Amino acid sequence: MTTTLSVYAMIGALVASLLVSAVQLTRLLPQFAPQIAELRADLRVLFDTAFNLLGSAMNVGSGLVFVLQLVMLMSIDAAYFPTILAAVKQKWALAVEALGNSAKLNRSFMIMTAIFGTIVATLNLARLLILGVPGAGLWALLSFVCGFIAFIGDISESKAMLATQCAKARQGHN
């Protein structure tokens, strides 16, 4: 239950930070009024841009709905997962143990990445505010999110690590 609430709290914090960033972006738009006035000369460019923005907003919205549904369904499955593992453990104890170790390592890794990302984003925000950079919060949020991108490959490599652990455990017990 606390895991589900934690996930919802993190999603809520992310949505709130995205809303704050959107407000910052709307405050930046008046600075670009001369450029926007030049765009009015060519209505085709303006309409194409508007349709592209609308399409992008719809893509982001549908992606957000997908992620929220995924998190909701994962939290529902998580309630039954220990029961399933207990049943499978009788026959596949080594695989269940390897899965547990892999999940524990991945959780620790993601927690440390989030902590480090928060520190880096906070320092970036402070630096950008001191320098007077417009949209400092937006850039800080972007630096936080980008901190996770480099580690996507590491998570996919954990599948190979899991297979190696299972193979080693099988050799040791045969």
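Residues numbered from 1 in each chain as written. Predicted model: local features only at pLDDT ≥ 70, side-chain atom pairs only at ≥ 80, totals over all residues. Heavy atoms only, no water.

If you tally the helices and strands in the protein, you get six helices and zero strands. Each helix (α) and strand (β) of the protein, taken in turn from the N terminus, gives the series α-α-α-α-α-α. For the protein, with 174 residues in total, the buried portion stands at 11%. Here the protein has roughly 13,300 Å² of accessible surface; of this, 73% comes from carbon and sulfur atoms. (Helix = DSSP H or I, 4+ residues; strand = E, 2+ residues; numbered from the N terminus. Buried < 20%, exposed > 50% of the residue type's maximum accessible area, 1.4 Å probe, protein only. Areas by Shrake-Rupley, 256 points an atom, 1.4 Å probe, with all protein chains shown as cover.)

Mean pLDDT over the protein stands at 78; residues scoring 70 or higher make up 82%. Across the protein, the element-wise mean pLDDT spans from 59 in helix 6 (residues 152–173) up to 85 in helix 4 (residues 93–131). (pLDDT = per-residue confidence, 0-100.)

Take the packing of helix 1 (residues 2–28) against helix 5 (residues 136–149) next. Remark: helix 1 packs on helix 5, axes separated minimally by 8 Å, with the N-to-C direction vectors making an angle of 140°. In terms of axis orientation, helix 1 runs oblique to helix 5. With respect to the hand of their crossing, helix 1 and helix 5 are arranged in left-handed fashion. Contacts between helix 1 and helix 5 involve Leu 14, Ser 17, Leu 18, Ser 21 and Gln 24 from the former and Ala 136, Gly 137, Leu 138 and Leu 141 from the latter. For the contact of helix 1 with helix 5, a count of residues per class yields five nonpolar, four polar and no charged. (Axes fitted to C-alpha atoms, helices over the stretch in contact; angles between N-to-C directions. Parallel < 35°, antiparallel > 145°, perpendicular 65-115°, else oblique. Left-handed = near helix turned anticlockwise from the far one by under 90°. Contact = heavy atoms within 4.5 Å. Nonpolar A, V, L, I, M, F, W, Y, C, P; charged D, E, K, R; others polar.)

Residues three or four positions apart in an α-helix share a direction because the helix packs 3.6 residues into each turn. A rise of 1.5 Å per residue sets the reference length of helix 1, with its 27 residues, at 39 Å; its end C-alpha atoms lie 39 Å apart and thus fit the reference within 8%. Along helix 1, the residues classified as buried are Ile 11, Ser 21 and Leu 28. (Expected span 1.5 Å × (residues − 1).)

A few words now on helix 4. Here helix 4 spans 56 Å end to end across 39 residues, near enough to the 57 Å set by a 1.5 Å rise per residue. Buried within helix 4 we find Val 96, Ala 98, Ser 102, Thr 113, Gly 117, Ala 121, Asn 124 and Leu 128. Immediately beyond the C-terminal end of helix 4, within one or two residues, lies Gly 132, with a positive phi of roughly 75°.

A word on the environment of Thr 118. Structurally, Thr 118 can be placed in helix 4. Each C-alpha atom, one on Thr 118 and one on Ala 140, is 9.1 Å from the other, the two residues being 22 residues apart in sequence. Among the polar contacts listed, one links the side chain of Thr 118 to the backbone oxygen of Ala 114, at a separation of 2.7 Å. (Polar contact = N/O pair within 3.5 Å; in protein donor to acceptor, adjacent residues only side chain to side chain.)

Their axes nearest at 8 Å, the elements helix 4 and helix 5 cross at an angle of 155°. Accordingly, the angle class assigned to the pair helix 4 and helix 5 is roughly antiparallel. Classified by chirality, the crossing of helix 5 by helix 4 is right-handed. Here Met 110, Thr 113, Ala 114, Gly 117, Thr 118, Ala 121, Asn 124, Leu 125, Leu 128 and Leu 129 of helix 4 lie close against helix 5, whose contacting residues are Ala 136, Gly 137, Trp 139, Ala 140, Ser 143, Phe 144, Gly 147 and Phe 148. Here the contact of helix 4 with helix 5 is composed, by residue class, of 11 nonpolar, seven polar and no charged.

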